[in-house]
Amino acid sequence: MMFDSNYDLKDESETLRFAESMSSHLHPGMNLYLKGELGAGKTTFVRGLLRGLGYQDKVKSPTYTLVESYSFLKFTIYHFDLYRFKSDHEWDDAGFREYFNETSICLIEWPEKAGGLLPEPDISIELSHESFGRHLHLIGFTPIGSECLKTII
Ligand SMILES: Nc1ncnc2c1ncn2[C@@H]1O[C@H](COP(=O)(O)OP(=O)(O)OP(=O)(O)O)[C@@H](O)[C@H]1O
Ligand SMILES: [Mg+2]
């Protein structure tokens, strides 16, 4: 573990705003895990990241499609939701390994459903329910991930 930070987000708009501010610090090739129980705010966070990058349309939860993609000038964002995986083998069967490359940024909800088959994350984004809203715990696991987190206010 290389960098660790904690924030309190008191409502949905704060989650969106935080993610928006983070979006400009992302780089192609990064891999982000989004953790937390059902309804913790993972998809909301992705919506904020995409808005920060200028995406205006609706952001669908990939609950049934497993992955949604968003093309930008310099990279493509792949947003996964692995909640419905029944076994980690589905990760290999789906061919998702190919989505991880130097021109993509992968955002993965429910990464634990793929067991140990996923590439290691640059950043883990963990949200949890609190009486005041949500607690946000960010961990940078790689130099590029840690650098990204250090530059966020
Ligand atoms: N900081 C916050 N405080 C209170 N509510 C929030 C906060 N951030 C997001 N929410 C709300 O929490 C709910 C979370 O929904 P969201 O779909 O983002 O969760 P999720 O973690 O993606 O769930 P799932 O595992 O089912 O995909 C939304 O109704 C959203 O408005
Ligand atoms: Mg979700």
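What counts as what
Residues numbered from 1 in each chain as written. Chains lettered and ligands numbered in written order. Predicted model: local features only at pLDDT ≥ 70, side-chain atom pairs only at ≥ 80, totals over all residues. Heavy atoms only, no water. 1 Å grid on protein atoms, 1.4 Å probe; cavity = no way out; pocket = protein on both sides within 12 Å on 5 of 7 lines; lining within 4 Å. Points joined across faces, edges and corners; volume = space filled by probe spheres on them. Helix = DSSP H or I, 4+ residues; strand = E, 2+ residues; numbered from the N terminus. Nonpolar A, V, L, I, M, F, W, Y, C, P; charged D, E, K, R; others polar. Core = buried A, V, L, I, M, F, W, Y, C linked by side-chain atoms within 4.5 Å. Buried < 20%, exposed > 50% of the residue type's maximum accessible area, 1.4 Å probe, protein only. Contact = heavy atoms within 4.5 Å. Donors = N, O, S within 2.8 Å, 3.2 Å for Na, K, Ca; no water.

Draft legend 1. Structural detail: the layout of surface pockets. There is about 160 Å³ of room inside the largest pocket. Around the largest pocket, the lining comprises 13 residues; the ones closest to its centre are Leu 38, Gly 39, Lys 42, Thr 43 and Glu 109. Among the elements that make up the lining of the largest pocket, the one with the highest residue count is helix H2 (residues 42–52) (three residues). Counted by class, the lining of the largest pocket contains four nonpolar, six polar and three charged residues.

Draft legend 2. Seen up close, the nonpolar core. By size, the foremost hydrophobic cluster in this structure holds 28 residues, and its most contacted members are Met 22, Phe 45 and Ile 125. When contributions to this core are tallied by element, the ones reaching two or more residues are helix H1 (12–23), strand S2 (31–35), H2, strand S5 (104–109), strand S6 (123–130), strand S7 (133–140) and helix H4 (143–150). Ignoring anything within four residues of it in the chain, the contact list for Ile 125 reads Met 22, Leu 32, Tyr 33, Leu 34, Lys 35, Phe 45, Leu 136, His 137 and Leu 138. If you look at the next biggest cluster of nonpolar residues, it comprises 14 residues, including Tyr 78, Cys 106, Trp 110 and Ala 114.

Draft legend 3. Here's a closer look at the coordination of the magnesium ion (ligand 2). Within the first shell, the magnesium ion (ligand 2) binds the protein through Thr 43 (OG1) and Glu 109 (OE), at distances of 2.1 to 2.2 Å. Of this pair, Thr 43 sits in helix H2 while Glu 109 sits in strand S5; the two residues are 66 residues apart in sequence, bridging distant segments of the chain. Accessibility assignment for this pair places Thr 43 and Glu 109 in one class, buried.

Draft legend 4. Spatial organisation of unusual backbone geometry. Located in the positive-phi region is Leu 66, a residue other than glycine, with phi close to 75 degrees. Its place among the elements puts Leu 66 in the loop between H2 and strand S3 (67–71). For Trp 110, which is not a glycine, the phi torsion comes out positive at approximately 60 degrees. For Trp 110, the position within the fold is in the loop between S5 and S6. When its relative accessible area of 14% is taken as the criterion, Trp 110 is described as buried.

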